[in-house]
2 protein chains.
Amino acid sequence: MTRVRIDLNISLDGYSANDQTLENPMGEDWARITAAYAATRTFHERVFGDTSGTGTTGVDDSYAAAYFEGVGAEIMGPAMFGLHSFPDDPHWKGWWGDQPPFGTPVYVLTHTAPRPPIPMPGGTTFHFRSAPIEDVLAEATEAASGLDVRVGGGVSTARAFLRAGVVDHLHVAIAPMLVDRGDRLWDELRGLDLTHEVTTDVADSGTIHVTFAR
Amino acid sequence: MTRVRIDLNISLDGYSANDQTLENPMGEDWARITAAYAATRTFHERVFGDTSGTGTTGVDDSYAAAYFEGVGAEIMGPAMFGLHSFPDDPHWKGWWGDQPPFGTPVYVLTHTAPRPPIPMPGGTTFHFRSAPIEDVLAEATEAASGLDVRVGGGVSTARAFLRAGVVDHLHVAIAPMLVDRGDRLWDELRGLDLTHEVTTDVADSGTIHVTFAR
């Protein structure tokens, strides 16, 4: 049974990547917001390719491992792919290098001219869609073949899916810091705790993990 | 050594009391935001006067007990006292009945006409001050005689003291719910995690306790 999932790293005041520039595409606070996640053994293995067993274990690592499990298709907003940064470059292939870590179809939402799909080594293919989010979700769900569909980000894309009521599982890893800049995840989400069961957890790093699931 | 302390109950999206009306002076979400706190044994004893030992123990109760310890003077904003609700009633004595739970001098910030102090049974005396917050804080610190000064609320008053850089200890009990209404505590507090040490904790109730201390 496919679930629609969102996993985000945010600050205590609800912000994620902010102040993006070409030189610093995730913004100046991103490294600190994601520091505990990047320190996990799972992240070392799956993103850095470091299989020597370095990195933290424990609560943060459990959530990091779950992040990489069971996703059959990904949806992301145009800014996350980089379309806002490189609108006129038809050869732009995202921020993730020659072998993106997704390994699944990735549906990039866009309102600009359609682009042909971009197949990449490692099983990732980027598709570009200007359809309503419900239509893109239906296509991604079919492509996921019973695995989960992840809505990746950014925050405004995640919030659009949350507000549409189609998200089954939201996990946020909250770094205990205040950044006061960017798009705030929590705007206009009153009552999500009434439609979903909420669980809270704290890691040794101080990171607060909150999960809304139905 | 006097510390300046703030203890607040807020939602995951950073709101406290909201939508206040005369019929429901704390707003419709307040009971849910404070449910875990009101369920503690300490709250039962200290606020309800119920010494039969009912109420939860554990993490929430530890923070509730700390809330009542070591405060020698209190400062609050006009809305918390009720001046906005009853601006023309010189006999209004706050929301707390004949014996308010403070037991200390309470300095109520106001920009309206000065009122004489109101001594109450149980050691509470309400004073009304239209001076700058630094001056009121100096007076409250002297009155506290080495105990702590608490800045009680509401959120805008708490934020004014936080932004002035005079708060030594901020404890928030975060209910894992989204209300999306009211004054948001976290606005314009970027970097509080850099000047204060942050600790995080989760109770069985799901309440997230975050403390900023220096």
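Before reading further, recall that the structure is shown in the block above.
Residues numbered from 1 in each chain as written. Chains lettered and ligands numbered in written order. Predicted model: local features only at pLDDT ≥ 70, side-chain atom pairs only at ≥ 80, totals over all residues. Heavy atoms only, no water.

A.B. asks: Hey, could you run me through the sheet that holds strand S9 (residues 208-213) of chain A in this one?
C.D. replies: As a general point, the strands of a sheet are linked pairwise by backbone hydrogen bonds and lie either parallel or antiparallel. Residue and element names in this part refer to chain A. With mixed pairing, the nine strands of this open sheet are ordered in space as S4-S5-S3-S2-S6-S1-S7-S9-S8. Strand pairing shows two members of the sheet lacking a second neighbour, strand S4 (118-119) and strand S8 (197-202), which therefore form its edges. The sheet contact formed by strand S2 (residues 71-76) and strand S3 (residues 105-109) spans three bridges and is parallel. Along S3, the bridge assignment pairs Glu-74 with Val-106. Packed onto the sheet, helix H4 (residues 59-67) meets strand S1 (4-11), S2, strand S6 (148-151), strand S7 (169-175), S8 and S9 and runs at close to 40 degrees relative to S9. (Pairing = 2+ DSSP bridges. Helix = DSSP H or I, 4+ residues; strand = E, 2+ residues; numbered from the N terminus. Contact = heavy atoms within 4.5 Å. Axes fitted to C-alpha atoms, helices over the stretch in contact; angles between N-to-C directions.)

A.B. asks: Can you help me understand the environment of Asp-180 of chain A in this one?
C.D. replies: As for its position among the elements, Asp-180 of chain A is in the loop between S7 and helix H8 (192-195). Apart from residues lying up to four places away in sequence, Asp-180 of chain A is in contact with Asp-13 and Tyr-15 of chain A together with Trp-186, Asp-187, Glu-188, Leu-189 and Arg-190 of chain B. Within the structure, the side chain of Asp-180 of chain A is placed 3.0 Å from the backbone nitrogen of Glu-188 of chain B, a separation counted as a polar contact. (Polar contact = N/O pair within 3.5 Å; in protein donor to acceptor, adjacent residues only side chain to side chain.)

A.B. asks: I'm lost on helix H7 (residues 155-163) of chain A in this one. Help?
C.D. replies: One turn of an α-helix holds 3.6 residues; hence residues three or four places apart share an orientation. Taken residue by residue, H7 of chain A has Val-155, Thr-157, Ala-158, Arg-159, Phe-161 and Leu-162 of chain A as its buried positions. Downstream of H7 of chain A by one or two residues, Gly-165 of chain A has phi in the positive range, about 75 degrees. (Buried < 20%, exposed > 50% of the residue type's maximum accessible area, 1.4 Å probe, protein only.)

A.B. asks: What's the story with the pattern of salt bridges in this structure? I'm lost.
C.D. replies: As enumerated under the stated definition, the model contains 24 salt bridges over all chains in all. For Arg-5 of chain A, the salt bridge is made with Asp-148 of chain A, and the minimal N-O distance between the two is 3.2 Å. With Arg-5 of chain A in strand S1 and Asp-148 of chain A in strand S6, this pair connects stretches of sequence that are 143 residues apart. The closest approach of N and O atoms between Asp-187 of chain B and Arg-184 of chain A, which form a salt bridge, is 3.9 Å. Here the residue Asp-187 of chain B occupies a position in the loop between strand S7 (169-175) and helix H8 (192-195), and Arg-184 of chain A occupies one in the loop between S7 and H8, the pair thus bridging two chains. Look at Arg-184 of chain A and you get buried, because its relative accessible area is 14%. (Salt bridge = Lys/Arg side-chain N within 4 Å of Asp/Glu carboxyl O.)

A.B. asks: How should I be thinking about the relation of the copies chain A and chain B in this particular structure?
C.D. replies: One copy of the chain maps onto the second through a rotation about an axis and a displacement along it. For the pair chain A and chain B, the best superposition has an RMSD of 0.0 Å and corresponds to a rotation of 180 degrees with a translation of 0.0 Å parallel to the axis. The relationship between the two copies is best expressed as a two-fold rotation axis. Proximity to the rotation axis, assessed at the C-alpha, singles out Val-202 of chain A in chain A; its C-alpha lies 3.1 Å from the axis. Counting the interface residues of chain A, we find that 100% of their copies in chain B are interface residues as well, pointing to one common contact surface. (Least-squares fit on C-alpha atoms with pLDDT ≥ 70 in both.)

A.B. asks: Would you explain the pairing of S6 of chain A in this entry?
C.D. replies: Residues in a regular strand point their side chains to alternate faces of the sheet. Residues and elements named next belong to chain A. Side chains of S6 alternate between two faces, with Asp-148 and Arg-150 and Val-149 and Val-151 buried alike. Bridge analysis of S1 against S6 gives two bridges, and the strand direction is parallel. Bridge pairing in S6 places Val-4 opposite Val-149. Of the pairings in the sheet, the one linking S2 to S6 comprises four bridges and is parallel in character.

A.B. asks: Would you mind going over the nonpolar core with me for this structure?
C.D. replies: Burial of nonpolar side chains together is a common tendency in soluble globular proteins. Within the largest apolar cluster, 63 residues are counted, with the highest numbers of intra-cluster contacts made by Trp-186 of chain A together with Trp-186 of chain B. Discounting chain neighbours no more than four positions away, the residues touching Trp-186 of chain A are Ile-10, Gly-14, Leu-170, Val-172 and Phe-212 of chain A together with Leu-12, Asp-13, Leu-178 and Asp-180 of chain B. (Core = buried A, V, L, I, M, F, W, Y, C linked by side-chain atoms within 4.5 Å.)

A.B. asks: Whenever I open this one, the side chain of Thr-110 of chain A confuses me. Can you help?
C.D. replies: Residues and elements named next belong to chain A. By the secondary structure assignment, Thr-110 is in the loop between S3 and S4. Only 2.7 Å separates the side chain of Thr-110 from the side chain of Thr-112, close enough to count as a polar contact. Contacts of Thr-110, omitting those with residues within four sequence positions, involve Leu-83, Phe-128, Arg-129 and Ser-130.

A.B. asks: What's the story with unusual backbone geometry in this structure? I'm lost.
C.D. replies: The phi angle of most residues is negative, glycine excepted, and most peptide bonds adopt the trans form. Here the amide bond leading from Gly-153 of chain A into Gly-154 of chain A is cis, since omega sits at 0 degrees, within 30 degrees of zero. The backbone of Ser-145 of chain B sits at a positive phi, close to 50 degrees, despite the residue not being glycine. Relative to the helices and strands, Ser-145 of chain B is located in the loop between helix H6 (133-144) and strand S6 (148-151). On the accessibility criterion, Ser-145 of chain B (64% relative accessible area) is exposed.

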